[in-house]
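Residues per chain, in single letters:
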Amino acid sequence: MNTPAWFAAARSRLLLLAIVLLANVLVAPGFLEVRLVDGRLFGGIIDILNRGAPVMLLAVGMAPVIATRGIDLSVGAVMAIAGAVAAATVNAGHAWPVAILAALGTGLACGLWNGVLVTIFRMQPIVATLILMVAGRGIAQMITQGRVLTFTDAGLAGVSSASLLGLPLPVLLALAAAIGTGLLVRGTALGLFIESVGTSPRAARLAGVPAPALLIGVYVWSGLMAALAGLIATADIRGADANNAGLWLELDAILAVVIGGTSLYGGRFSIGLSVLGALILQGMRTCILRSGLPPELNLLLMAVVVALVLVVQSPACGPVLARMTARLTRRGTA
Amino acid sequence: MGDTASMVLAVRGLTRTFPGVRALDGVDLTLRAGEIHALLGENGAGKSTLINLLTGAQPIDDGTIHLDGRAIRPKNPADAAANGIVAVYQEITLLPNLSVAENIYLGREPTRFGLVDRARMRREGSALLARFGLSIDPALPLSAFSTAVQQLIAIARAVDMSARVLILDEPTASLDSAEVAVLFRLMRELAASGLAILFVTHFLDQVYTVTDRITVLRGGKLVGERLTADLARLDLVAMMLGSLPATESHLQRRTAVAPGDIVVQVTGLGRRNLVSPFTAEIRQAEVLGVAGLLGSGRTETALLLFGAVRADTGGVLVDGKPVTLKGPRDAIRLGFGFCPEDRKLDGIVADLSVRENIVLALQARQGWWKRVPPARQRALADDYIRLLNIRTPDAEKPIQLLSGGNQQKALLARWLATRPRLLILDEPTRGIDVGAHAEIILLLEELRNDGMALYVISSEIEEVAAYADRVLVMRERRQAGMLTGAEVTPAAIIDAIVRPVDGEPSGRAA
Amino acid sequence: MKGFATWGAMALMLAVMTGCGEKASTDKAADKTAPGGLTIGFSQIGSESGWRAAETKLARSEAEKRGITLKVSDAQQQQANQIKAVRSFIAQGVDAILLAPVISSGWDEVLGEAKAANIPVVLLDRLIDTADPSLYLSSVTSDTVEEGRVAGRWLAEKLAGRDCRVVELQGTIGASLVANRKKGFEEGIAGPGNIQIVRTQSGDFTRAKGKEVMEGFIKAEAPGSICAVYAHNDDMMIGAIQAMKEAGLKPGSDILAVSIDGVPDIFKAMADGDANATVELTPNMAGPAYDMLTAYKKDGTVPPKWVQTPSTLYLPDTAAAEYERRKDLY
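Cut-offs used in this document
Residues numbered from 1 in each chain as written. Chains lettered and ligands numbered in written order. Predicted model: local features only at pLDDT ≥ 70, side-chain atom pairs only at ≥ 80, totals over all residues. Heavy atoms only, no water. Contact = heavy atoms within 4.5 Å. Salt bridge = Lys/Arg side-chain N within 4 Å of Asp/Glu carboxyl O. Polar contact = N/O pair within 3.5 Å; in protein donor to acceptor, adjacent residues only side chain to side chain. Helix = DSSP H or I, 4+ residues; strand = E, 2+ residues; numbered from the N terminus. Nonpolar A, V, L, I, M, F, W, Y, C, P; charged D, E, K, R; others polar. Expected span 1.5 Å × (residues − 1). Buried < 20%, exposed > 50% of the residue type's maximum accessible area, 1.4 Å probe, protein only. Arc of directions from axis to C-beta. Axes fitted to C-alpha atoms, helices over the stretch in contact; angles between N-to-C directions. Parallel < 35°, antiparallel > 145°, perpendicular 65-115°, else oblique. Left-handed = near helix turned anticlockwise from the far one by under 90°. Phe/Tyr/Trp six-rings, centres within 6.5 Å; stacked < 30°, edge-to-face > 60°. pLDDT = per-residue confidence, 0-100.

A. Here's a closer look at the interface of chain C and chain A. Counting residues at the interface gives 35 residues for chain C and 38 residues for chain A. Scanning the region where chain C abuts chain A turns up 4 salt bridges. Where Arg51 of chain A meets Glu215 of chain C, a salt bridge forms, and the shortest distance between an N and an O atom there is 2.8 Å. Run the count over chain C and chain A and you get 9 residue pairs in polar contact (both at pLDDT 80 or more). Contributing elements (two or more residues each) for the side of chain C that touches chain A: helix H1 (2-23), strand E7 (195-202), helix H8 (207-220), helix H9 (234-246) and helix H10 (264-271) of chain C. Element by element, the count of residues in the side of chain C that touches chain A is highest for H8 of chain C, at 10 residues. Grouping the constituent residues of the side of chain C that touches chain A by class yields 11 nonpolar, 11 polar and 13 charged.

B. Main features of the arrangement of the chains. Taking contact number as the criterion, the leading pair out of 2 pairs of chains in contact is chains A and B. In this assembly chain B lies apart from chain C, the nearest approach of their C-alpha atoms being 17 Å.

C. Seen up close, helix H7 (residues 176-189) of chain C. All names here are of chain C. Taking 1.5 Å of rise per residue, the 14 residues of H7 would be expected to cover 20 Å, and the 20 Å separating its terminal C-alpha atoms lies within 8% of that figure. Val178, Arg181, Gly184, Phe185, Gly188 and Ile189 are the residues of H7 that are buried. Looking straight down H7, one finds its buried side chains confined to an arc of 135°; they lie on one side. Buried-residue contacts for H7 involve helix H6 (144-159), strand E6 (164-170), E7, strand E8 (228-231) and strand E9 (256-261).

D. Geometry of the pattern of salt bridges. Within the structure shown, the criterion is met by 59 salt bridges over all chains. The closest approach of N and O atoms between Lys221 of chain B and Asp25 of chain B, which form a salt bridge, is 3.6 Å. With a gap of 196 residues between them, Lys221 of chain B in strand E12 (residues 221-227) and Asp25 of chain B in strand E2 (residues 21-32) connect regions that are remote in the sequence. Put simply, Arg51, Asp236 and Arg238 of chain A together with Lys211, Glu215 and Glu246 of chain C are held in one network by salt bridges that share partners.

E. Structural view of the packing of helix H11 (residues 249-259) of chain A against helix H13 (residues 298-313) of chain A. All names here are of chain A. Interhelical geometry of H11 versus H13 gives an angle of 30° and a closest axis separation of 10 Å. With respect to H13, the axis of H11 lies roughly parallel. H13 is crossed by H11, and the crossing has left-handed handedness. For the pair H11 and H13, the contacting residues are Leu255, Val258 and Ile259 in the first and Val306, Val309, Leu310 and Gln313 in the second. Along the lines of polarity and charge, the residues of the contact of H11 with H13 split into 6 nonpolar, 1 polar and no charged.

F. Quick look at the packing of aromatic side chains. Residue and element names in this part refer to chain B. In total, this model carries 6 aromatic pairs over all chains according to the counting rule given. Note on Phe306 and Trp415: the rings are 5.8 Å apart at their centroids and 85° apart in plane angle, and the pair reads as edge-to-face. Separated by 109 residues along the polypeptide, Phe306 in the loop between helix H9 (298-305) and strand E16 (313-318) and Trp415 in helix H14 (residues 404-416) bring together distant segments of the chain. Comparing Phe306 with Trp415, the two get one shared label, buried.

G. Expanded view of the confidence of the model for chain C. Residue and element names in this part refer to chain C. Taken residue by residue, chain C gives an average pLDDT of 88. The fraction at 70 or more is 89%. Confidence drops under pLDDT 50 across residues 1-6; counting only partners more than four residues distant or on other chains, this segment forms 5 contacts. Low pLDDT, under 50, characterises residues 8-35; the stretch is placed with 28 contacts to residues that sit more than four places away or in other chains.

This is the structure:
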């Protein structure tokens, strides 16, 4: 309804994404080309979408959690558990749909565990989810017995390698999850409730917002998204790697949500902008990996760029950027 | 006495412009040593801007400030303090988890061999507080003390920073009358010692009790400066509102429509260590006023009635049937609404728009799945913005940008949208400017006349006496009386508040 | 309903924790074998990887072969647990101690205690930082530079002078292992200059990152210009193989694939023709240690301070058989 306001928020992220893509073009001139080979699209943009799918999914789950003034540190570990469950299930001779359902169920259970700790036991979210972040990898390692649990089931591998309408399945899954979640929170009153609980828990309670159910719900949803991301990561390498699957991705997801403009103090959130944040991160990573620069610089470069992005998005820079982009847009249309 | 005193602060032609608004337009202000000077005006008159310019919190666009004849231009609050201008605000800006002494000496700790000298800090802090009539242990954390004491500590800190000009911005808003009396005594002592005090308040009674001179602002401009003793109350309100107001009329008792059936019957509702069991009936088309001092248990009765806190004794009947109140959602389902006392923390959802704040309770009652359609949300918001005269450019503005009075009206709208049978209001007019104040009182009377049952907690006794049909008086967390009909007079209410509880819970109710 | 879920989840956590606890117990079954032989305590880091599990399994089977009584203690990645285990071995009066140290520093005190008790200590798989080398009798580790060198030499021989542009998947930046495997490989391909490393990037030793980085290499280099990929471990190579396949390339023929470690999955890949060579980091670290300890105990033969395990090159011809041999070990 208020398109200009929405556009103003999205504008700075779109500009950042454009800069990141431009950097990629400078590194690899053919980056923007998209070719259709055997009914499947190939190209730099598709790679970023494909590689970014797990963090996109995590960000879709993380944004509502952060909006309630919470945080979910366990998503990386949940990815590992879900992947391990899926690989162990197909290796035990079950069909791949069973494995997928088992993995998603595991994610729901992990989310429920987090939600119950936060809501019923009133633990601080950072502490509550830290438990599963640490213990979760142990659980995954128990399932895989410390090995990379390789599988050959084509159905499960298809979660990563299959494609539909020319797009890799992970991209479609991430986009579907983002759109579905966006519709769910904005098409119903969930978004309003989440934002009111995150902004002012006491006022929300007195206005009759069912905060406990809502809080459990956002953690369960985050667990589900993490399980989906874990399935993609596992299918990608056709094996469950308990030690490394989703390692540190919780931090990427949090960063994506923050780049998407959600405050860690809760309140306003946007699924779309969080997904955009995830894509900006992945675009940067792809650019650095393909730049040919010594790998010793990876972490430093990433840190510098992330710091720049956050500075550019800080309230101090907001008006300057708005004026700059407004001028650019004017010139573009003139 | 002010006429002969020397001029401390001379502000001339002070101006501050925001995009599209001239928040302060060529304002003069003169403060004299030994004088308490009231700064008055409705919300948006420019009081806060003037204070922000004096304390350097905002830059000056035009005009001059002379302190003791010397031109100054404060760059920031620390710079203003160094010059001798210090402000103490309604929201205490000290750090609750630090000790009292640490708060007093924050940023200027006494040191010894390069380390903070804690013993000296405590000793001197203790001596300083004693001068302010506070015999408290400065090693305790600030949060251990009541708002009033914290306010006094903040003033002690301010004065100790060798202040020439002390600005008190709504210092009495969260104090009870005894605490106000202590504060006023302190203000007079400070003034007598040669300080110039600028006192901002909404309470006209207090202006006449404590101030020597009054400066009135309206719409960013100076209306005038008068000696308090020479300015009649009605004239003062006229200066503030810009016309002869009808506002004071709300203090005249009006006849109510005949009360209807009992909607809610409260029997022996209470909770250990919170409030002793109280009994009341609330009828259709009736205002049940609740009076008592701060801490008398008046707010707690509302929390129990709304289910925000669970009662451990007694019960509630709605339409004669017993109901369970396990939480606010139960109360809302029964058709109750509740505007809490702490508007900022318990009322508004600051980040959300006026529209979202208005639809929140209605939406919560409908459940998350059945969203109030956007068109209906906008219509609801626009209707209430018009009906309640909520001053906002549009319904999408974040509610935190509205003034207190308009936030309160939006909260009323939130509950009116649910068409409640019982509306519980805790201090609905606290911290609100005169205009909005009168509007809200009139609105309550309209709602009552339309058949709603109202449960109104207020510390403004005259007001309660004016619109309440019956008054529940609370004292020391117990029911101290229930006044009805002709008994509802300010004198009777004060009498019930002051008189010791005599064991008979219903007091002098007939 | 909510309460039930909570307790259920708690029960699960409890089960996990007790499950982990059992692993820490010593190997009781081994105690019964060969009452006459040596008794050796083995403080193992944990079982975080298949290789580590294989090392423990081989330590047991090699001990059995020699009639040695082995007590294994799993430290779950904690140095404190390792120190506790070594002290407990000393208290039990074992004949010798094997230690796979989880970190390199902080061992002086406990190893001093072992020395005082006259119990020889042999380090397995990793070395420690100490000013006093007499604290341990010997150490058995692989030669990580040699591993890289073997891989490099294989590539040089395979190419027989043809020009080749190689991309390198490094391990996690900062590990000495990474610097060594890189250095060894560069030495192995040095010579006529026909082989050059055109891109190098860290794949963090994981399949997922190996795949992602390889995807990037393929996109960044001109089509068909990469002739070989060298990965510091097999896991990254397995990821890279998938990346090549998904890009429509044939790993093993379009692009030569050589890596290090010798985990079962790489043998499978070699058997399938997807990889060309791997250099084994043998999990049999305990075997050489047993031999030197037996000799030391028998006639006081002092072993060298550093014993290197062989860096054996494996090629596709034996891959299927090697896979069968290893798949249950790891």
